[in-house]
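# Commentary on secondary and tertiary structure
Next come the chains, spelled out residue by residue.
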Amino acid sequence: MVEFITVAGPSSGEIEEKKSRFIARLIPCETEEAANAFIENSKKQFWDARHNCYAYILGERGDVVKCSDDGEPQKTAGQPILSVLQGAELTNVCCVVTRYFGGTLLGTGGLIRAYTDSTKAAVDAACRIKKQPGYLLKIDTDYTDLGKIQYLLNTENVEIVSTDYAEGVCISVEVEVTKADTIISKIVDATSARAKITKASEIVMDVEI
């Protein structure tokens, strides 16, 4: 897989410009079906709003892109929303910005600024994560070496997923692909090759940024 940045969950942001309200809602999604469902649900939820403009970016390389001005002047809504998402290097996301008209025309520059700022508010409120390839490592050790391994893993900021205690100990950890061989080598050295390490499976890791 290719490393990419997305969001961990929904977020929102809201601004007011000359009594017009701009409500931005951002979600993670992986398919056009999911993005379109979110857009349609937003239109139903905010049925009394003047506009529900949106943009989405999908795919590990962000190669599926779409935006809509939903009745606003061309390139004053959908494109600014999209530009903010691209500027944050996000993919697999959809953002809908709902506008309640306040009675005053904002002009092209005012609209672009309002849709940009509301989208930024939603992005700033989101938990951004990096999706990257990794391995689930299984470490089989005896109790004598357990403390050494736990200390090493803590020093290397490797998260322990589970620890099973029986005649020996089996520790499961998640490690980035680029760090896996280094971690394995350090455990081997620390235990004089007594610990047995296997790459149990390939995984996708979420790293908060």
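Provided above is the structure to which this section pertains.
Okay, so let's go over this structure. Just so we're clear, the structure is a prediction, and the values are computed from it rather than from any experiment.

### A look at helix α1 (residues 32-45)
Taking 1.5 Å per residue, 14 residues should reach 20 Å; α1 reaches 20 Å between its end C-alpha atoms and fits that length. The set of residues buried in α1 consists of A35, F38, I39 and S42. In a view along the axis of α1, the buried residues occupy a sector of 100°, so they form one face of it. Exposed side chains of α1 directed beyond 90 degrees from the buried face belong to E33 and K44. Along its buried surface, α1 packs onto β3 (20-28), β4 (51-58) and β6 (93-100).

### Looking at the packing of aromatic side chains
Applying the stated criterion across every chain, the model contains 4 aromatic pairs. When the centroid spacing of 5.0 Å and the interplanar angle of 85° are considered together, the rings of F22 and Y115 count as edge-to-face. With F22 in strand β3 and Y115 in helix α3 (residues 107-125), this pair connects stretches of sequence that are 93 residues apart. On the basis of relative accessibility, which here comes to 0%, the residue F22 falls in the buried class. Taken together, a centroid distance of 6.5 Å and an interplanar angle of 75° make the contact between F46 and Y100 edge-to-face.

### Notes on the pairing of strand β5 (residues 64-68)
Two strands pair when backbone bridges link them, and β4 and β5 are joined in this way by 5 bridges, in the antiparallel orientation. Bridging from a neighbouring strand, I57 pairs with V65 of β5. Hairpin connection, β4 to β5: the antiparallel pair is bridged by 5 residues, and G59 has positive phi, about 95°.

### Points about the pattern of salt bridges
Applying the stated criterion to the full structure yields 10 salt bridges. If you follow the salt bridges from partner to partner, you end up with D145, K148 and R194 in one network.

### So, the nonpolar core
Ranked by size, the top nonpolar core spans 26 residues in total, and within it F22, L26, L85, L90 and Y115 carry the most contacts. Listed by contribution, the elements that provide at least two residues to this core are β1 (4-7), β3, β4, α2 (78-87), β6 and α3. The dominant element in this core, judged by the number of residues it contributes, is α3, at 5 residues. Setting aside residues up to four positions removed in sequence, L85 forms contacts with L26, A55, I57, L90, V93, C95, T119 and V123. Counting residues in each nonpolar core, the second largest holds 18 residues, with Y135, V169, V175 and I197 among its members.

Parameters at a glance
Residues numbered from 1 in each chain as written. Predicted model: local features only at pLDDT ≥ 70, side-chain atom pairs only at ≥ 80, totals over all residues. Heavy atoms only, no water. Helix = DSSP H or I, 4+ residues; strand = E, 2+ residues; numbered from the N terminus. Expected span 1.5 Å × (residues − 1). Buried < 20%, exposed > 50% of the residue type's maximum accessible area, 1.4 Å probe, protein only. Arc of directions from axis to C-beta. Contact = heavy atoms within 4.5 Å. Phe/Tyr/Trp six-rings, centres within 6.5 Å; stacked < 30°, edge-to-face > 60°. Pairing = 2+ DSSP bridges. Salt bridge = Lys/Arg side-chain N within 4 Å of Asp/Glu carboxyl O. Core = buried A, V, L, I, M, F, W, Y, C linked by side-chain atoms within 4.5 Å.

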